[in-house]
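So the chains spell out like this:
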Amino acid sequence: MSTATERRFVSQLGHNEQVQQVFLASDKQLRPNRNGNLYLQVELSDRSGAISTRLWNASEQDYRGFENGDYVVVDGSTQLFQGNMQLIATSIRKARQDEVDEADFITLQSADIDRMAARLAEILRSIRSPELRNLAECFLMDQEFMTKFTSAPAGMKNHHAYKGGLLEHVLGLMELILVVAPRYEQLDQDKLLVGALLHDAAKTDELSYERDIAYTDEGQLLGHMVMAITMIDEKVREAERLSGEHFPKQLVTEIKHMVISHHGEYEFGSPKLPMTLEAIALHHLDNLDAKIASFTQLINDCPNVESNWTQYYANLGRKLYKGARSED
């Protein structure tokens, strides 16, 4: 059994490497192969990434031996298959508590979360518009919301898919806004900052993330953009109650529009296309932060360690250049 100091993280695993260590299990499925024999497919992960895993000739007992979100001890070997690293397991069992080092599965440390949360609050409290600053304050004062907001991932797999990823993504987007908005006097920086806070805010309830990342029933049925509208309405009423002043209806509409249009295209799930300058800017800046994070992860996870290039990604229609390797 590997100890924590001997651990090989997912991102470090190479071809034809023997593995015996603890992973976090998710998305398990029991499937038949072409011959009708069952095999177990499961996603295994640690703080560095995830690897698709198969246990051939599996049984119902193997499938029921652990649940999604459990830590499991896996024996097997890695294999490079069609450009991707996979793990062929010979055994999978639920791990004992004394076999698990939680630090192996935490991407962001508590100090990182605290620092980012403090910076987020600092930026939001610098908003000049009293109405928008009060609205942001209602979210900051909501301890239950902030606990979830600082713990949630930003997505399932595409970008910032780890605990604290939502906070990291939103803060990164806000820092982009602080750089870009002053260069375009026609943009309302305050609206953009609130849009950044709220565009993915309902992922706190769209996703479950106590251990593995999955959709909640509400998340599957409604999605975070629809869920955010209810969230905004509740906080607008709270802001009006605390300030004793009416919140401008047109301003609420523009904030909601930024949220429901931020994916930018109908085929990507936006009910509306961006139609205000702030909505257009939010979409592109959000996409920039997400794409940089996603592509960086693809480069870091690439199993072609001896090449300057990643494998070809059919969904992207390209390889990615990793940069020239040092001769040393």
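Report on the accompanying structure. (Residues numbered from 1 in each chain as written. Predicted model: local features only at pLDDT ≥ 70, side-chain atom pairs only at ≥ 80, totals over all residues. Heavy atoms only, no water.)

1. As for the environment of Glu-102
Point 1. With respect to the secondary-structure elements, Glu-102 resides in the loop between strand S5 (84–94) and helix H2 (110–124).
Point 2. In contact with Glu-102, other than residues within four places in its own chain, are Tyr-71 and Arg-211.
Point 3. Looking at Glu-102, its side chain comes within polar contact range of the side chain of Tyr-71, at 2.8 Å. (Helix = DSSP H or I, 4+ residues; strand = E, 2+ residues; numbered from the N terminus. Contact = heavy atoms within 4.5 Å. Polar contact = N/O pair within 3.5 Å; in protein donor to acceptor, adjacent residues only side chain to side chain.)

2. Brief notes about empty space enclosed by the protein
Point 1. Across all of its chains, the model carries one cavity of 30 Å³ or more by this definition.
Point 2. Around the largest cavity, the lining residues are Pro-130, Glu-131, Asn-134, Ala-239, Glu-240, Ser-243, Glu-245, His-246 and Phe-247.
Point 3. Broken down by secondary-structure element, the contributors of at least two residues to the lining of the largest cavity are helix H3 (130–141) and helix H9 (224–243).
Point 4. Taken together, the residues of the lining of the largest cavity break down into three nonpolar, three polar and three charged. (1 Å grid on protein atoms, 1.4 Å probe; cavity = no way out; pocket = protein on both sides within 12 Å on 5 of 7 lines; lining within 4 Å. Points joined across faces, edges and corners; volume = space filled by probe spheres on them. Nonpolar A, V, L, I, M, F, W, Y, C, P; charged D, E, K, R; others polar.)

3. Details of the sheet that holds strand S2 (residues 38–46)
Each strand in a sheet pairs with its neighbour through backbone hydrogen bonds, running either in the same direction (parallel) or in the opposite one (antiparallel).
Point 1. The strand order S1-S2-S3-S5-S4 describes a closed barrel built from five strands, whose pairing is mixed. Mean inter-strand twist for the sheet, computed between neighbouring axes without regard to direction, equals 50 degrees.
Point 2. Examined bridge by bridge, strand S1 (residues 18–32) and strand S4 (residues 71–81) share seven bridges and lie antiparallel to one another. By the bridge assignment, Phe-23 is partnered in S4 with Val-72. (Pairing = 2+ DSSP bridges. Axes fitted to C-alpha atoms, helices over the stretch in contact; angles between N-to-C directions.)

4. What to know about the nonpolar core
Point 1. One finds Leu-120, Phe-149, Met-174, Leu-198 and Ile-255 to be the most contacted residues of the largest nonpolar core, which totals 53 residues.
Point 2. For this core, the secondary structure elements donating two or more residues are H2, H3, helix H4 (143–149), helix H5 (165–180), helix H6 (189–198), H9, helix H10 (249–261) and helix H11 (277–301).
Point 3. Sort the elements by how many residues they give to this core and H5 lands first, with seven residues.
Point 4. Excluding anything up to four places from it in sequence, Phe-149 contacts Leu-120, Leu-166, Leu-167, Val-170, Leu-197, Ala-201 and Thr-204. (Core = buried A, V, L, I, M, F, W, Y, C linked by side-chain atoms within 4.5 Å. Buried < 20%, exposed > 50% of the residue type's maximum accessible area, 1.4 Å probe, protein only.)

5. Here we look at unusual backbone geometry
Point 1. Positive phi, normally seen in glycine, also occurs at Asp-27, with a value near 55 degrees.
Point 2. Considering the arrangement of structural elements, one finds Asp-27 in strand S1.
Point 3. For Asp-27, a relative accessible area of 41% corresponds to the partly exposed category.
Point 4. Backbone geometry at Asn-57 places phi at a positive 50 degrees, although glycine is not the residue there.
Point 5. With respect to the helices and strands, Asn-57 occurs in the loop between strand S3 (49–55) and helix H1 (60–64).

6. Topic: the packing of H5 against H6
Axis angle and axis distance: for two packed helices, these are the angle between their axes and the distance between the axes, and together they describe the pair.
Point 1. Axis separation between H5 and H6 bottoms out at 9 Å; the angle between their running directions is 170 degrees. In terms of their interaxial angle, H5 and H6 are classed as roughly antiparallel. As H5 packs across H6, the resulting crossing turns out to be right-handed. Here Val-170, Leu-173, Met-174, Ile-177 and Leu-178 of H5 come into contact with H6, specifically with Gln-189, Leu-192, Leu-193, Ala-196 and Leu-197.
Point 2. The residue inventory of the contact of H5 with H6, partitioned by class, reads nine nonpolar, one polar and no charged. (Parallel < 35°, antiparallel > 145°, perpendicular 65-115°, else oblique. Left-handed = near helix turned anticlockwise from the far one by under 90°.)

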